[in-house]
Structures are given as structure tokens and as C-alpha cells.
Amino acid sequence: MPKIRESKPAYLQISEHYRKKILEGVLTPGDKVPSLREIAKDWDVSPVTASKAMAHLQAEGYVKVGGKGLATTVRNQKEVNRNGKDRAVAVRRTGRIYTPGEYAKITSAEIVPAPDDIASALGLTGAEPSAIRRVRITYGADHQPVSASVSWYDAALAEAAPKLLEPERIVEGSWGYVEKQTGQLATRGQDQITTRLATEEDASLLGLELPAAVKVSTTTLWTEDGTVVEYGVSVSGPARYSTYEYDLHADKFSDEK
């Protein structure tokens, strides 16, 4: 087992260790995670720290913590809606954008006239700007649709990254492929999330019964110089949630009097 470092809290290092194993497919849905006693012994931490690490993984949606006498197991990731940061982390860690059991079908990949909002998002100029449009449906291990998404790219990338125009899955993800082909490294991302009622097209793609609510996530990835690498819109159905992790660095505050 890796040794605890002083750079961050022990429970976060432990949870990150098991999260990585889940993302890489070493631990798959239904697999048992070591018990709190085993974790405490292997990592040389207190049972409280081990429990906090598993609680953190449960809050993120990666595991189900069992009750008294029951094992903690890996959760089916179909229940968890992965955000742009999750996908970026998966690419950086594993070279793959999908979790074990997930797969995608590209339903179209073509150059089209860029709608005004897309041209603005991508920073395209000119009288009739064009963009690459890739439409995908992502499925879970049970072969049921998880999300439907559209990714947009500057049409100028077609020559350097021709796979963007092929209706085939790109293992490392389309933006990971663009990075490899062009050297345009994504260094910053933003997710904007909202909800709305599903359209008939949403219902058809995701197998929903109307009326239904859907979550719409818009992800933008930028390079260091502000160039947009990818602009994507993803729609997912109900019974899925996203978890965001962040650090809080607080100064000491004196008591108010």
C-alpha cells in the first residue's frame, strides 16, 4: 500500500487510492472493498480515518457502505452522472474516458454550419463559420442509455484530427485525441448544469417516458492561452447524481465580540 504523505489528509489519500482502482477497472461493480479494520491496518491509520475515507467514497457515489456485518461494495456507476472533471481525470489517469462497463455509440460525426451560440462558444469568426459536430449515446454495463451528448470543435481541426469526422468511438475521448494530434493541452474546464423537461428527442435517445426531467451539462475545455479545445452538451435522465469535491483553505478567525 502507498504510504500516507503529509501533503493532504490521510482519509483523502485512502479514498483517492480506491477511487483510482475503480476508475481503472481493478475494482468493478459488486466487488468488495477491504474492511475498515483491514484498511486501518494496511495504511497504519485509525479506524475513524478508515471510516471517513469510505464515507467520502460513498458520498462521491463510488461505493455502497454496508451496515453492521455487511461488506462495502463498489457501486454501479450507471447511478452516477460523471461530470467533465470526472472524464478529464479518467483520461489523465487511464488514457480512457469511460469507466469499466460503459461504452458509447457515435451516431453522427460531420462538419456543419455553426449555430450562433456554438460559434460564439468556440470563438469562430467569419461570415459562415463551420464546426465539427459529434453526437454520442453512452451506455452502461446493462446496455441501457446513460446520456446523450453533442461535442463541438473548430472545423479547422479536421485535417490534424481526422477521426473527429468518423462515426466511431475514440478510446481516449475526442478531446484527448485532439490533444494528442495537435498538442493543444486542455488545462482548464468548466461545467454549467441546469435541468429542464425532456423533449421527445431526449426521451427517444434515453428511453424515457414523458413527462420526465433531465439534467443538462455544458462542458467547456480551454488551453492555457484560452483556445477552446471542446464544447459539449450532455443530457442525462433522472435517478442519477453528480458529486463535486473541493478543498477549503481557511485562515484562523478570531471570535467576534
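Refer to the preceding data block for the structure.
What this report covers is the structure whose coordinates are included nearby. (Residues numbered from 1 in each chain as written. Predicted model: local features only at pLDDT ≥ 70, side-chain atom pairs only at ≥ 80, totals over all residues. Heavy atoms only, no water.)

### Focus on the packing of aromatic side chains
Heads up, the rule is: Stacked, tilted and edge-to-face pairs are distinguished by plane angle, under 30 degrees for stacked and over 60 for edge-to-face with tilted covering the rest, among Phe, Tyr and Trp rings (Trp via its six-membered ring) whose centres lie within 6.5 Å. Only runs of H or I of at least four residues qualify as helices and only runs of E of at least two qualify as strands under DSSP, and these elements are numbered from the N terminus. Exposure categories follow from relative accessible area, calculated using a 1.4 Å probe and restricted to protein chains: below 20% of the type maximum is buried, above 50% is exposed, and the middle band is partly exposed. Look at NZ for Lys and CZ for Arg. If either is within 6 Å of the ring centre and within 35 degrees of the ring normal, a charge sits over the ring.
Taken as a whole, this structure holds one aromatic pair when the rule is applied. With a centroid separation of 5.2 Å and 15° between ring planes, the pair formed by Tyr 103 and Tyr 139 is classed as stacked. Here Tyr 103 is found in strand 3 (residues 103-113), whereas its partner Tyr 139 is found in strand 4 (residues 130-139), with 36 residues between them in sequence. On the accessibility criterion, Tyr 103 (23% relative accessible area) is partly exposed. Classification of Tyr 139 by relative accessible area gives buried; the value is 16%. Directly above the aromatic system of Trp 222 lies the positively charged group of Arg 188, at a separation of 4.1 Å from the ring centroid.

### A short note on the sheet that holds strand 6 (residues 186-197)
Cut-off, in case you're wondering: Two strands pair under a simple rule: DSSP has to find at least two bridges between them. Simply put, an axis is a line fit to the C-alpha atoms, just over the touching stretch for a helix, and the angle between two N-to-C directions goes from 0 to 180 degrees. Residue contacts are defined here by distance: any two heavy atoms, one from each residue, within 4.5 Å place the two residues in contact.
Strand order across the open sheet formed by six strands is 3-4-5-8-7-6, with antiparallel pairing between neighbours. Strands at the two margins of the open sheet, each flanked by one partner only, are strand 3 and strand 6. Within this sheet the neighbouring strands show an average axis-to-axis angle of 15°, counted without direction. As judged from the ten bridges shared by strand 3 and strand 4, these two strands associate in the antiparallel manner. Bridging across to strand 4, Pro 113 finds its partner in Ser 130. Contacts from helix 6 (residues 174-182) reach strand 4, strand 5 (145-154), strand 6, strand 7 (213-223) and strand 8 (228-236), with the element oriented near 170° to strand 8.

### Regarding unusual backbone geometry
Of the consecutive residues Leu 210 and Pro 211, the connecting peptide bond is found in the cis state with omega at -5°. For Pro 211, the position within the fold is in the loop between helix 7 (200-206) and strand 7. Despite not being glycine, Asp 44 shows a phi value in the positive range, around 60°. Tracing the chain through its elements places Asp 44 in the loop between helix 2 (36-43) and helix 3 (47-60). A residue is classified by how much of its surface remains accessible, and Asp 44, at 70% relative accessible area, is exposed.

### Overview of the environment of Ser 174
By the element assignment, Ser 174 lies in helix 6. When its relative accessible area of 5% is taken as the criterion, Ser 174 is described as buried. Counting along the chain gives 55 residues from Ser 174 to Val 229, while the straight-line C-alpha distance between them is 9.7 Å. For Ser 174, the contacting residues outside a window of four places in its chain are Arg 134, Arg 136, Tyr 153, Leu 164 and Glu 230.

Nothing here speaks to function; it is all geometry.
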